[in-house]
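Structural features, examined
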Amino acid sequence: MDSSFIYMSCQIGAESALKREIARISGFRPAFSRPGFLTFKTDRTNEIDPQELADFHNNLVFARSIGLSLGKIEAPDLETVAEKVFAGYIDGPLFKEKRHLRFHVWQRDAYQPGEHGFEPGMGESARKLHGRLVAHILERAASHIDQPNRWACGIDLPELPAQLSDTIVDCIGIDRDTWWIGTRMPCRLDAMSQWPGGITPLLLPFDAVSRAWLKFEEGLRWSAFPIGIGTRCLDIGSAPGGSSQALLARGAEVIGLDPGEMAPAVLNHPNFTHLRGRTGKVKVRAFRKVRWILADMNVAPQYTLRALEDLVLHPEMKIRGLLFTLKLFHWNLAEALPEYLKTIRHWGFHSIRAKQLAFNKQEVMVAAAK
Ligand SMILES: C[S@@+](CC[C@H](N)C(=O)[O-])C[C@H]1O[C@@H](n2cnc3c(N)ncnc32)[C@H](O)[C@@H]1O
């Protein structure tokens, strides 16, 4: 297995930030690059352990998924791609290794999330290729009835999360006629990494009042914060209300702080209270019972951090966790992320993670817990 190349996927536009991040913390050198998909060369002579790579992924802000390159397939149509993937990787060496495999077929992003109606996901060509691979596998299984379970494993449903012990085989659409093959393991600390391409399959519900529902639904799952029935939350920058909806759906009691108008569906929810105003202008006493803070203000990162610091360090507040966005109005702000995280650590939070989640635009999600 050629493990000297590593591939990563990311948001379109985040490639340079990801390259700078990699240069800062590892010796990997950039190799192939397309929007939303990069490869890096390593100088390591020993084989990289996929589990080690999965743990490394947890420390990266801009990599959505990361794995070991196995090769590239170029073919003019999906049927030929399916034949080559099947012959080269499925009906071949990987299966003989007897590991539990999970096949993930997906494509690099076409646009930034929310642009041209695009949201990250498996992709149409990936869905078609998946169907063709299933057909090959079922046909082969019929003539190898001693192995039907192994042939069928992990490819029966297009979007299925891997188990933590699975070895994922990624088949990634790069361009119309180019597919990348690689392997990875899910990261034990990041449930998102169990999904194809590290993308939680989320669809904006018909009654969601804003797209922000997607990023906070993803953020709440990623953080795994124990927010449930009766949990008291403050949502700063709550209008029109998608993030509050994600909290209310879990049974939380939510105070929304925003000078803007809340959508009626949120405003009229019995567990929601709107404080119309800005941070710094409202008496902190109003938030005394709050234990978790979400924040999504369209302001510079330093402003968000100052607003949160005033609340978190206030003697009357007992905050257990924070989940908030830092808007990267320009990409140079990514360089300051380590400093921002250090500031949050000084507030007394020990578990601090930052990630550009699949549904984040030019921003990162930070989760901090005590
Ligand atoms: C991206 S929108 C929030 C979207 C919202 N979370 C949702 O789910 O629909 C940003 C919001 O931040 C609010 N905002 C900006 N500065 C603020 C401040 N200092 N205090 C409270 N809200 C603020 C704006 O009024 C705006 O409604």
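All of these numbers come straight from a predicted model, not from anything done at the bench. (Residues numbered from 1 in each chain as written. Predicted model: local features only at pLDDT ≥ 70, side-chain atom pairs only at ≥ 80, totals over all residues. Heavy atoms only, no water.)

1. Regarding the side chain of T231
- Locating T231 in the fold gives a position in the loop between helix 7 (212–223) and strand 8 (232–236).
- Since its relative accessible area comes to 13%, T231 is described here as buried. (Helix = DSSP H or I, 4+ residues; strand = E, 2+ residues; numbered from the N terminus. Buried < 20%, exposed > 50% of the residue type's maximum accessible area, 1.4 Å probe, protein only.)

2. Quick notes on unusual backbone geometry
- In this structure, P240 follows A239 across a cis peptide bond, with omega equal to 0°.
- Relative to the elements of secondary structure, P240 occurs in the loop between strand 8 and helix 8 (242–248).
- The backbone of H116 shows a phi angle near 50°, a positive value even though the residue is not glycine.
- Its location among the elements puts H116 in the loop between strand 5 (101–107) and helix 5 (124–143).
- We classify H116 as exposed; its relative accessible area is 65%.

3. Some remarks on the domain arrangement of the protein
- Domain parsing of the protein yields domain 1 (5–198) and domain 2 (212–369).
- Here the C-alpha centre of domain 2 lies 32 Å away from the C-alpha centre of domain 1.
- Between domain 1 and domain 2, roughly 1700 Å² of surface is buried when both sides are summed, and carbon and sulfur atoms account for 52% of that area.
- Among the residues domain 1 hides against domain 2, the three largest losses belong to V61, F62 and M192. Together they make up 30% of the total.
- Linking domain 1 with domain 2 are two salt bridges, by the criterion used here.
- The closest approach of N and O atoms between R20 and E335, which form a salt bridge, is 2.5 Å.
- Our count for the domain 1 to domain 2 interface comes out at eight residue pairs in polar contact (both at pLDDT 80 or more).
- Elements represented by at least two residues in the side of domain 1 that touches domain 2 include exactly helix 1 (15–25) and helix 2 (50–58).
- No other element matches helix 1, which puts three residues into the side of domain 1 that touches domain 2.
- The class makeup of the residues in the side of domain 1 that touches domain 2 is 10 nonpolar, five polar and five charged. (Domains from an automatic or database assignment. Buried area = accessible area lost by both parts, 1.4 Å probe. Salt bridge = Lys/Arg side-chain N within 4 Å of Asp/Glu carboxyl O. Polar contact = N/O pair within 3.5 Å; in protein donor to acceptor, adjacent residues only side chain to side chain. Nonpolar A, V, L, I, M, F, W, Y, C, P; charged D, E, K, R; others polar.)

4. Concerning the nonpolar core
- By size, the foremost hydrophobic cluster in this structure holds 54 residues, and its most contacted members are M8, F62, L322 and I344.
- Of the residues forming this core, the biggest block, five residues, is contributed by helix 10 (residues 301–312).
- Residues from two domains meet in this core; each of domain 1 (5–198) and domain 2 (212–369) gives at least three.
- Residues in contact with L322, not counting those within four places in the same chain, are F225, I293, L308, V312, W347, F349, V366, A367 and A368.
- Counting residues in hydrophobic clusters, the runner-up holds 29 residues, among them L220, F225, W292 and A358. (Core = buried A, V, L, I, M, F, W, Y, C linked by side-chain atoms within 4.5 Å. Contact = heavy atoms within 4.5 Å.)

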